[in-house]
Amino acid sequence: MRKTDYLIIGAGIVGCSAAYLLTKDGKKVTIVDKSYPCNEASGVNAGGMELLQQPPRSLPMHVLAAQLWDMFQNEDGIDCGYHRTGGLYCVLREEDLKMLDEQEERFNKLGLPIERLNKEQVKEKIPYICDNVIAANFSPMSGYSNPLKAGVAILMKAKELGCEFYDHQFIKEIHTSKENGYLAYAEDGQVYQAKKILITGGIRSPWLLDQMGVHIELEEKHNMITVTEKAPHFIDYTITTPTMTMKQTAEGSVLIGGGREGYGDLNKDDKKKDVSINGLCFNVREAQNIIPSVKKLNILRSWSGFEGFTPERLPYIGEVEKYPGVYYAVTGFCGYCIGPGAAAEAIKCMNGEEYFNVKEV
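Here we summarise the structure given alongside this text. (Residues numbered from 1 in each chain as written. Predicted model: local features only at pLDDT ≥ 70, side-chain atom pairs only at ≥ 80, totals over all residues. Heavy atoms only, no water.)

Going through the model one piece at a time under the given rule, you end up with 1 cavity of 30 Å³ or more. Roughly 40 Å³ of volume is contained in the largest cavity. Lining the largest cavity, in full, are Met 49, Leu 51, His 62, Ala 65, Ala 66, Trp 69, Tyr 82, Met 141 and Cys 337. Of all the elements, helix α3 (residues 59-74) adds the most residues to the lining of the largest cavity, at 4 residues. A class-by-class count of the residues in the lining of the largest cavity yields 8 nonpolar, 1 polar and no charged. (1 Å grid on protein atoms, 1.4 Å probe; cavity = no way out; pocket = protein on both sides within 12 Å on 5 of 7 lines; lining within 4 Å. Points joined across faces, edges and corners; volume = space filled by probe spheres on them. Helix = DSSP H or I, 4+ residues; strand = E, 2+ residues; numbered from the N terminus. Nonpolar A, V, L, I, M, F, W, Y, C, P; charged D, E, K, R; others polar.)

This part covers unusual backbone geometry. Positive phi, close to 55 degrees, is recorded for Cys 38, a residue that is not glycine. Examined against the element boundaries, Cys 38 turns out to sit in the loop between β2 (29-32) and α2 (41-44). For Cys 38, a relative accessible area of 11% puts it in the buried group. Within the chain, Cys 334 stands out as a residue other than glycine whose phi angle is a positive 50 degrees. (Buried < 20%, exposed > 50% of the residue type's maximum accessible area, 1.4 Å probe, protein only.)

Bringing the layout of surface pockets into the picture now. Counted as a void, the second largest pocket has a volume near 290 Å³. Around the second largest pocket sit 18 residues that line it, and Asn 146, Leu 148, Thr 249, Glu 251 and Leu 255 are the ones nearest its centre. Considering only residue class, the lining of the second largest pocket consists of 7 nonpolar, 8 polar and 3 charged.

Before going further, it helps to examine the nonpolar core. Core analysis: the biggest nonpolar cluster contains 76 residues, and Trp 69, Phe 72, Ile 174, Ile 197 and Ile 199 have the highest contact counts within it. The element contributing the most residues to this core is helix α9 (residues 335-350), with 10 residues. In this view, Phe 72 contacts Ser 17, Tyr 20, Leu 21, Gly 77, Ile 78, Cys 80, Ile 154 and Pro 340; residues no more than four positions away in its chain are not counted. Counting residues in each nonpolar core, the second largest holds 24 residues, with Phe 234, Tyr 237, Met 244 and Leu 297 among its members. (Core = buried A, V, L, I, M, F, W, Y, C linked by side-chain atoms within 4.5 Å. Contact = heavy atoms within 4.5 Å.)

For Trp 69, the location among the structural elements is in helix α3. Separated by 11 residues in the primary sequence, Trp 69 and Cys 80 have C-alpha atoms spaced 8.0 Å apart. Residue contacts for Trp 69: discarding those within four places in its chain leaves Ile 13, Met 49, Cys 80, Tyr 82, Ser 145, Ala 150, Ile 154, Tyr 336, Cys 337 and Pro 340.

Right, let's get into the pairing of strand β10 (residues 182-186). Buried residues dominate β10, accounting for 4 of its 5 residues. The sheet contact formed by strand β9 (residues 171-176) and β10 spans 5 bridges and is antiparallel. Looking at β10, one finds that Ile 171 is bridged to Ala 186. In sequence, β9 turns back onto β10 through a hairpin of 5 residues, with Gly 181 there showing a positive phi of about 75 degrees. As paired elements, β10 and strand β11 (residues 191-199) share 4 bridges and run antiparallel to each other. Pairing of Tyr 185 across the sheet is with Val 191, part of β11. (Pairing = 2+ DSSP bridges.)

Pairs can form between side chains of opposite charge once their charged atoms are near each other. In this structure the tally under the stated criterion is 22 salt bridges. Residues joined in a network through salt bridges with shared partners are Lys 34, Glu 40, Arg 204, Asp 270 and Lys 273. (Salt bridge = Lys/Arg side-chain N within 4 Å of Asp/Glu carboxyl O.)

This part takes up the sheet that holds strand β15 (residues 254-258). One open sheet accounts for 8 strands, arranged β5-β6-β4-β13-β14-β15-β12-β18; its pairing is mixed. Looking at which strands have only one partner, the edges of the open sheet turn out to be β5 (115-118) and β18 (299-309). When strand polarity is set aside, the average angle formed by the axes of neighbouring strands in this sheet is 20 degrees. Across 3 bridges, strand β13 (residues 238-241) lies against strand β14 (residues 244-248) in antiparallel orientation. Bridging across to β14, Ile 239 finds its partner in Met 246. (Axes fitted to C-alpha atoms, helices over the stretch in contact; angles between N-to-C directions.)

Below, the discussion takes up the packing of helix α1 (residues 13-24) against α3. Between α1 and α3, whose axes approach to 13 Å, the crossing angle comes to 65 degrees. Once α1 is placed against α3, the crossing between them reads as left-handed. Here Ile 13, Ser 17, Tyr 20, Leu 21 and Lys 24 of α1 come into contact with α3, specifically with Trp 69, Met 71 and Phe 72. When grouped by side-chain class, the residues that make up the contact of α1 with α3 number 6 nonpolar, 1 polar and 1 charged. (Left-handed = near helix turned anticlockwise from the far one by under 90°.)

Another point: the pairing of strand β19 (residues 316-319). One ladder, built from 4 bridges, connects β19 with strand β20 (residues 326-330); its direction is antiparallel. Opposite Tyr 316, over in β20, you have Val 330 as the bridge partner. From the end of β19 to the start of β20, which pair antiparallel, there are 6 residues, and Gly 325 there has a positive phi angle of about 105 degrees.

Below, the structure written as structure tokens:
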């Protein structure tokens, strides 16, 4: 039996961030994952942190997450590949201008910096952009990090501080411990004893939560990413439209993502997912239409991953009513972007402090 004060189940970006923040605060922490850290949605996304597209009720948590990303990278020395470049949310149709108005309103309410750009101002800011963009909002807080290394780097920093991590630990059941706290049983027979447990399994969290009386409605998504060959730097900002995201990494590759989905069925095979060629073509074509020079680059690879969206696109954080001391943090939209913020709010919940409760927001 392995004993700890805090057991975190799920080593995605939320779990890794929670493990680091708790360990940094001097807590005894163990984190486990059914496979490898950040092997799913936290490692297969485009890495974008575009605050402009976020729901108004979770925007404050995204601001907190942006502050934590900056702290990880620039204060704590964790190489997450984080860059606060600023980002544009572009529209190409008159009927989408209302989106920009809504973004401006909610940013102004929170006192966040935002700049409305007309067609000429967009062109001035990004000379290489196409003429089809009729307007945009610019947020200097948007940016990106590298999902291929960020979560793992945060976890490794937590391990340096004393956190323990075990992979290939599929936790099947949680029961009250006669001695103290709870016992978590892994499929291979390993048992973990903890005073407090935090479930951060992303779209797989219901596997445990449903049996504990907590149901979170999650819409299964199969997001796709395309990466190009490296090129000299020419895209200074993150670029988002209602159906596409694009950014150029510090290494030179262009990452293209968006709202079009690949394929997968979590209930039939939780490991198998695939891209949609038609969807990829739509995404790449839109990227080329926004930035024509992208046409010169070769595509290296494309992939897809599972992600869960809640109906309100808001994170669910709380304590399991029937199991006091067992907590959960499930992101509902742009989970990688908001992940550190969700981890911080979950820790507030575990400490008995005021936290983001979707039922009360």
